[in-house]
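Take a look at the letters that make up each chain.
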Amino acid sequence: MIQQGSSRLLLEDAERLPYLIFSATFGKMGLNKPISFTGLLMLNIPCPQGIQQVSEMRRRVSQIPYTVLAFAGVSGVTLKVRE
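Residues numbered from 1 in each chain as written. Predicted model: local features only at pLDDT ≥ 70, side-chain atom pairs only at ≥ 80, totals over all residues. Heavy atoms only, no water.

Colleague: Which residues make up the overall build of the protein, and what values do they have?
Modeller: Scanning the protein from N- to C-terminus turns up 2 helices and 4 strands. By the burial criterion, 22% of the 83 residues in the protein qualify as buried. Restricting to contacts in the protein with at least 6 residues of sequence separation, those with at least 24 account for 39%. Element-wise, carbon and sulfur atoms account for 58% of the exposed surface of the protein, whose accessible area totals about 6600 Å². (Helix = DSSP H or I, 4+ residues; strand = E, 2+ residues; numbered from the N terminus. Buried < 20%, exposed > 50% of the residue type's maximum accessible area, 1.4 Å probe, protein only. Contact = heavy atoms within 4.5 Å. Areas by Shrake-Rupley, 256 points an atom, 1.4 Å probe, with all protein chains shown as cover.)

Structure below.
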């Protein structure tokens, strides 16, 4: 929607959405051709209220059996979750 210039979604709205990053290994072909996928993913969750919100979200996601690691981002307003 952002690329198409939709008026329903503003760029500042996109920064508040969680997003996933899939882990893979890459070779000489670069990002265009992954060699294999690790089976892990990184979830980035914005927590604009700060470290208290990060702590609460961390407590909640740590109850999910697939969570391997959950930690605060450097900014203190994001939660990084490795599953």
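From this point, the discussion proceeds with the structure in view.
Colleague: Talk me through the pairing of strand S3 (residues 69–72); I want residue IDs and the actual numbers.
Modeller: Across a regular strand the side chains alternate sides, sitting on one face of the sheet and then on the other. Pairing geometry for S3 and strand S4 (residues 78–82), over 4 bridges, is antiparallel. From the neighbouring strand, alanine 72 faces S4, where its bridge partner is leucine 79. Hairpin connection of S3 to S4: 5 residues between the antiparallel strands, including glycine 76 at a positive phi of 80°. (Pairing = 2+ DSSP bridges.)

Colleague: Tell me about the nonpolar core, residues and numbers included.
Modeller: Core analysis: the biggest nonpolar cluster contains 8 residues, these being Leu43, Ile45, Cys47, Val54, Val61, Ala70, Leu79 and Val81. Elements with a minimum of two residues in this core: strand S2 (34–46), helix H2 (51–61) and S4. Each residue touching alanine 70, except ones within four places of it in the same chain, is listed here: Arg58, Val61, Leu79, Lys80 and Val81. (Core = buried A, V, L, I, M, F, W, Y, C linked by side-chain atoms within 4.5 Å.)

Colleague: I'd love a proper account of the pattern of salt bridges, names of residues and values included.
Modeller: Summed over the entire model, instances satisfying the criterion amount to 1 salt bridge. Among the salt bridges present, the one from glutamate 56 reaches arginine 59, with a minimum N-O distance of 2.7 Å. On the criterion of helical spacing, the pair formed by glutamate 56 and arginine 59 is a turn pair, its members being 3 residues apart in helix H2. (Salt bridge = Lys/Arg side-chain N within 4 Å of Asp/Glu carboxyl O.)

Colleague: Before we move on, could you go through a nonpolar patch on the surface and cite the residues and values that matter?
Modeller: Taken together, the side chains of Leu40, Val68, Leu69 and Phe71 define a hydrophobic patch exposed on the protein surface, amounting to about 330 Å² of accessible area. Turning to its location among the elements, valine 68 is positioned in the loop between H2 and S3. On the basis of relative accessibility, which here comes to 60%, the residue valine 68 falls in the exposed class. (Patch = residues over 30% accessible without salt bridge, like charges linked within 9 Å, V, L, I, M, F, W, Y side chains within 5 Å.)

Colleague: Explain the side chain of threonine 67 residue by residue, including any values.
Modeller: When you line up the elements, threonine 67 lands in the loop between H2 and S3. According to the relative accessible area criterion, threonine 67 is buried, its value standing at 18%. At 3.3 Å, the side chain of threonine 67 forms a polar contact with the side chain of glutamate 83. (Polar contact = N/O pair within 3.5 Å; in protein donor to acceptor, adjacent residues only side chain to side chain.)

Everything listed here is a matter of geometry and, on its own, says nothing about what the molecule does.
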